[in-house]
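The lines below spell out each chain.
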Amino acid sequence: MPPLAIFDRAIVRMLPAVPRPLVQKLSERYIAGPELKDARETVRKLNAEGKVATIDVLGEEITTKDEAAAIVRAYLDVFADIEHCGLDSGVSVKLTALGLNLDYDICRANLRTVVEDAASRRNFVRIDMEDSSTTDETLRLYRELREDGHDNVGVVLQATLRRTIDDVAALADLQPSVRLCKGIYVEPPQVAYQDFGEVRASYVRALDVLLATAGHVGIATHDEWLLDEGRRLVAEHGLGPDAYEFQMLLGVRPDLGTGLVREGHRLRIYVPFGRHWYEYSLRRLQENPKLAGYIAADTLGRLIGRSNGV
Ligand SMILES: Cc1cc2nc3c(=O)[nH]c(=O)nc-3n(C[C@H](O)[C@H](O)[C@H](O)COP(=O)(O)OP(=O)(O)OC[C@H]3O[C@@H](n4cnc5c(N)ncnc54)[C@H](O)[C@@H]3O)c2cc1C
C-alpha cells in the first residue's frame, strides 16, 4: 500500500503554492537550524543518544561559481567544528551545490577540496544522489576520486531507479561505501519503478547484492517492512557492525531509530542545516503522511484566528 492516500497526493501537488512561512513552520523538525552551531547542538544530542550523524549544508542547484565556493567554505568550517568539538559525524554533499550543473571540472575541483580537507581530519564525505539526470556524472566523479586513492568518500544508490541493480554490479570492483535509499525525485516510468511494491522489491534485491559486495552499506529507510528485511539480510550475510549501519533523516520516525540503537545496530542521522531550507523542506513534506492534516489544521486555525480578529 502506498503511504500517501489520494487526498494527500493532491495536497503534495499543491505544496509549491503553500506560503513559505507555513512550509518553514511545518518542516522545522527536519532541519537543525540556520547556523552551524544549530547542527553542532543537534549532533551533540544525537551522539549522547548513541547515534552518529552526517551533516548536510543546505543548498543545491546553485547558479554561480561564487555560490559553489561558499558551499565549499561552509563544509571546511563543518569539518573544523566536528574536529574541534569531538563530534561523531561525517558530512553529506550534493554535487549540484558544488557546481555540477555549471561545469563538471569546477564540480570535480570543489569536491576534491572537500574530500581532501575531510581526509586531513580523518572525516568522511557521502555524495548524495540527486535526480536521474545527474546519476552518470555522479558515479563517474565517485569513481575518479576512488581511482585517485581517495577512500574517505561514499556514494548513494536509489532503489527507485531501474538501473540501480546494474550500478551495484558496476561499482563492485571499488568495494564502495554505498548508502541505499528509495530515492525521492519524481522520475518517468522509463527510468524508475512507479509501484510502491516494485520499489521495495528493488531495494531488497540491491541490498542483498550490496551486503555481499560493497565495503560498507548504509541502509537508509524509515519503512518498517524494509527495516525488517534489512535486519534479516544483515543476519543472513553474517555481518558485524563494521560492515553496515542504518540511516535515517532528522525528524523522521526517531522512535524507530532509538529501537535500532537499543538492538545494538549502528544508526546514522542525516542532519541538514543552513539558510537554503526551502527545497529540502518541500521534499520532506511531500513524504509526510500527516501533511494534509497539518495543512488543514493550520488553515483552519488561521481561519478561526481571522474570524476572531486575532
Ligand atoms: C539518511 C538518508 C539519506 C537519504 N539520501 C538520499 C539521497 O541522497 N537521494 C535521494 O534521492 N533520497 C535520499 N533519501 C530519501 C529517500 O530516498 C526517501 O525518499 C525517504 O527516506 C523516504 O523513504 P522511506 O524508505 O523512508 O520509505 P517511505 O515509504 O517513504 O516512508 C516510510 C515511513 O516513514 C515515515 N516517513 C517517511 N518520510 C517522512 C516524513 N518526511 N515525515 C514524516 N514521516 C515520514 C512514514 O511513517 C512512512 O510511512 C535519504 C533518506 C535517508 C534516510
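About the cut-offs
- Residues numbered from 1 in each chain as written.
- Predicted model: local features only at pLDDT ≥ 70, side-chain atom pairs only at ≥ 80, totals over all residues.
- Helix = DSSP H or I, 4+ residues; strand = E, 2+ residues; numbered from the N terminus.
- Contact = placed C-beta atoms within 7 Å.
- Axes fitted to C-alpha atoms, helices over the stretch in contact; angles between N-to-C directions.
- Parallel < 35°, antiparallel > 145°, perpendicular 65-115°, else oblique.
- Left-handed = near helix turned anticlockwise from the far one by under 90°.
- Near = placed C-beta within 6 Å.
- Nonpolar A, V, L, I, M, F, W, Y, C, P; charged D, E, K, R; others polar.
- Domains from an automatic or database assignment.
- pLDDT = per-residue confidence, 0-100.
- Buried ≥ 20, exposed ≤ 12 C-beta atoms within 10 Å, placed from the backbone.
- Pairing = 2+ DSSP bridges.
- Right-handed = clockwise from strand over helix to strand, strands pointing away.
- Core = buried A, V, L, I, M, F, W, Y, C linked by C-beta atoms within 7 Å.
- Expected span 1.5 Å × (residues − 1).
- Arc of directions from axis to C-beta.

Some details on the overall build of the chain
- When helices and strands are counted, the chain shows twelve helices and eight strands.
- The C-alpha extent of the chain, read off along each of the three principal axes, is 65 × 45 × 40 Å.
- By sequence separation, contacts in the chain at least 24 residues apart represent 74% of the contacts at least 6 residues apart.

Quick word on the packing of helix α8 (residues 196-213) against helix α9 (residues 224-236)
- Relative orientation of the contacting elements α8 and α9 amounts to 25°, with a least axis distance of 10 Å. When the axis of α8 is compared with that of α9, the two are roughly parallel. Both α8 and α9 take part in a crossing whose hand is right-handed. Across from R200, Y203, V204, L207, D208 and L211 in α8, the residues of α9 making contact are W225, L226, E229, G230, L233 and V234.

What about the site of the ligand?
- In the neighbourhood of the ligand, 25 residues make up the surrounding shell, with D128, C181, T221, H222 and N288 lying closest.
- Broken down by secondary-structure element, the contributors of at least two residues to the shell around the ligand are β4 (153-158), β5 (177-181), β7 (244-249) and α11 (278-287).
- Ranked by the residues each element gives to the shell around the ligand, the list is headed by β7, at three residues.
- Among the residues forming the shell around the ligand, the class breakdown is twelve nonpolar, six polar and seven charged.
- Residues lining the shell around the ligand come from more than one domain, with at least three contributed by each of domain 1 (1-27 + 277-301) and domain 2 (36-274).

Re the confidence of the model for the chain
- Averaged over the chain, the pLDDT score is 92; the fraction of residues at 70 or greater is 90%.
- Note on residues 306-310: pLDDT under 50 across the span, and one contact to partners over four residues away in sequence or across chains.

Considering the pairing of strand β1 (residues 52-57)
- The buried count for β1 comes to five of six residues, which makes it a mostly enclosed element.
- Strand direction decides the pairing type here: β1 and strand β8 (residues 267-273), joined by six bridges, are parallel. The residue of β8 that forms the bridge with A53 is I269.
- Taken together, the four bridges between β1 and strand β2 (residues 89-93) define a ladder with parallel strand orientation. From the neighbouring strand, D56 faces β2, where its bridge partner is S92.
- Handedness of the β1-helix α4 (residues 65-85)-β2 crossover: right-handed.

Describing the domain arrangement of the chain
- As far as domains go, the chain holds domain 1 (1-27 + 277-301) and domain 2 (36-274).
- At the junction of the two partners, domain 1 supplies six residues and domain 2 supplies six residues.
- Considered class by class, the residues forming the side of domain 1 that touches domain 2 number four nonpolar, no polar and two charged.

Details of the nonpolar core
- Formed by 75 residues in total, the largest nonpolar core has its most connected members in Y75, V93, L98, L180, L210 and V271.
- The dominant element in this core, judged by the number of residues it contributes, is α4, at seven residues.
- In contact with V271, other than residues within four places in its own chain, are A32, A39, T42, V43, A53, T54, I55, D56 and L250.

Brief notes about the sheet that holds strand β3 (residues 125-127)
- Taking strand neighbours around the barrel as the criterion, the eight strands line up as β1-β2-β3-β4-β5-β6-β7-β8 in a closed arrangement whose pairing is parallel. Averaged over all pairs of adjacent strands, the angle between strand axes in this sheet comes to 30°, irrespective of strand direction.
- Seen against the sheet, α8 touches β4, β5, β6 (216-220) and β7 and runs at an angle of roughly 165° to β5.

Observations concerning α4
- For α4, built from 21 residues, the straight-helix expectation of 30 Å at 1.5 Å per residue is met to within 8% by its first-to-last C-alpha distance of 30 Å.
- Within the span of α4, buried status applies to A68, I71, V72, Y75, V78, F79 and I82. Take α4 and look down its axis: the buried residues cluster within an arc of 110°, on one side only. Along α4, exposed side chains directed more than 90 degrees from the buried face belong to D66, R73, D77 and H84.
- Just downstream of α4, G86 is the residue with a positive phi angle, here 65°.

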